[in-house]
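Single-letter residue listing:
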Amino acid sequence: MLSAIRTAVRPVNHLDRLTTVGHLDELRTRLIASLVVIGIAFGFCFWQNNRLLHVINRPLAHQTQAQVRAGQGPLGATYTVAQSARDVAVQLHGVVNVLDGPGQRQTPAARTALEHAARSLEGDIARLSAPPEGDKPVTLGIGEPFTTTVTISFIFALILALPFVLHQAYAFLMPALHPNERRHIRPLVASIPFLFVAGVLFGYFIVLPAAVRFFQNFNSDQFNVLVQANQYYKFAATTLLAMGLLFQVPVGIVAITRAGFVTPAQLRKHRRYAVVACGAVAALLPGDVITLLLETVPLYLLFELGVLFAGLSERRAHKNFTHSE
């Protein structure tokens, strides 16, 4: 297994001649190495699953806590009853203090009972003063906590192992290109993991909280809202992965310009359509007007970044072609 990983790290030289069996053997080796790395990442993520679930639950926690404090849903109703009980306990504690205060003539047995009641009420007040619960999604099936934890650990493992997997894909495909072409495309391939991570972070801090706020508040006075863990984690994972892929816009622009489908000059000439397209994509994502603006601006900046890289790549290719002549 270790030999497979060592082999997978070294790319095949452009001048090497491999048979069909040799290519299949190389592909098998790189697939095995990728699966091993994903397995190691999965073991680490499953070991730290409590922290991972806490990270995923954080966008949901703030909105759910606000609804609970407002008394919405069954958890909100429970919290409202608890606050009413706390108020009663505070008032009773005040009455007990008055009855047990200086100048009050009480028998020893009555004073002992009042002191016991005061300590008991203090404990009840402390428990009832705790912040509202409900910042975690609920599970309905007997095996759902386990299956959900495994699913989230696997998704995070894929994200952690993505740079190595992309390196294996690069090492398998790049030998087919000429060294000059390889030098042009290497920065593009190297930027894919960083753009993916940037998209995931953008989705986590901007898109996912806005989506949770929108869906949790939509017509919420007509429903008892309880967020199921399985559905919430699927929604969160889909959102983060979609944003990670959406941030590959610069890579896609460079790829289509290099393929000859469109030129950087044409993209610059029709950039107003790009603004409309970015706004349309942002409008499809749930959120308010401010969130729409926060989502449109980065998407358009990614488009401009892709056009810039495409123009630089075109000029470099033209310069190399001129020198070769």
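Scroll up to find the structure.
Residues numbered from 1 in each chain as written. Predicted model: local features only at pLDDT ≥ 70, side-chain atom pairs only at ≥ 80, totals over all residues. Heavy atoms only, no water.

> Report on the packing of aromatic side chains, specifying residues and quantitative values.
A full pass over the atoms with the stated rule returns 8 aromatic pairs. Ring geometry for Tyr 204 and Phe 205: centres 5.0 Å apart, planes at 85°, overall edge-to-face. The buried category is assigned to Tyr 204, whose relative accessible area is 11%. With 5.2 Å between their ring centres and 75° between their planes, Phe 214 and Phe 215 make a pair best called edge-to-face. A connected cluster of aromatic rings, assembled from ring pairs, spans Phe 214, Phe 215 and Phe 235. (Phe/Tyr/Trp six-rings, centres within 6.5 Å; stacked < 30°, edge-to-face > 60°. Buried < 20%, exposed > 50% of the residue type's maximum accessible area, 1.4 Å probe, protein only.)

> Outline helix α5 (residues 108-128), supporting the account with residue identities and numerical values.
Helix length check: α5 (21 residues) gives 30 Å between terminal C-alpha atoms against 30 Å at 1.5 Å per residue, within 8%. All of the buried residues along α5 are Leu 114, Ala 118, Leu 121 and Ile 125. Buried residues in α5, looked at end-on, bunch into an arc of 75°, giving them a common side. Projecting away from the buried face of α5 at angles above 90 degrees are the exposed residues Pro 108, Ala 109, Thr 112, His 116, Arg 119, Ala 126 and Arg 127. (Helix = DSSP H or I, 4+ residues; strand = E, 2+ residues; numbered from the N terminus. Expected span 1.5 Å × (residues − 1). Arc of directions from axis to C-beta.)

> Summarise the packing of helix α3 (residues 49-69) against helix α6 (residues 144-173); cite the residues concerned and give the values.
Remark: α3 packs on α6, axes separated minimally by 10 Å, with the N-to-C direction vectors making an angle of 85°. Judged by the angle between their axes, α3 and α6 are roughly perpendicular. On α6, the residues that touch Asn 49, Leu 52, Leu 53 and Ile 56 of α3 are Thr 149, Ile 152, Ser 153 and Phe 156. Class assignment for the residues of the contact of α3 with α6 results in 5 nonpolar, 3 polar and no charged. (Axes fitted to C-alpha atoms, helices over the stretch in contact; angles between N-to-C directions. Parallel < 35°, antiparallel > 145°, perpendicular 65-115°, else oblique. Contact = heavy atoms within 4.5 Å. Nonpolar A, V, L, I, M, F, W, Y, C, P; charged D, E, K, R; others polar.)

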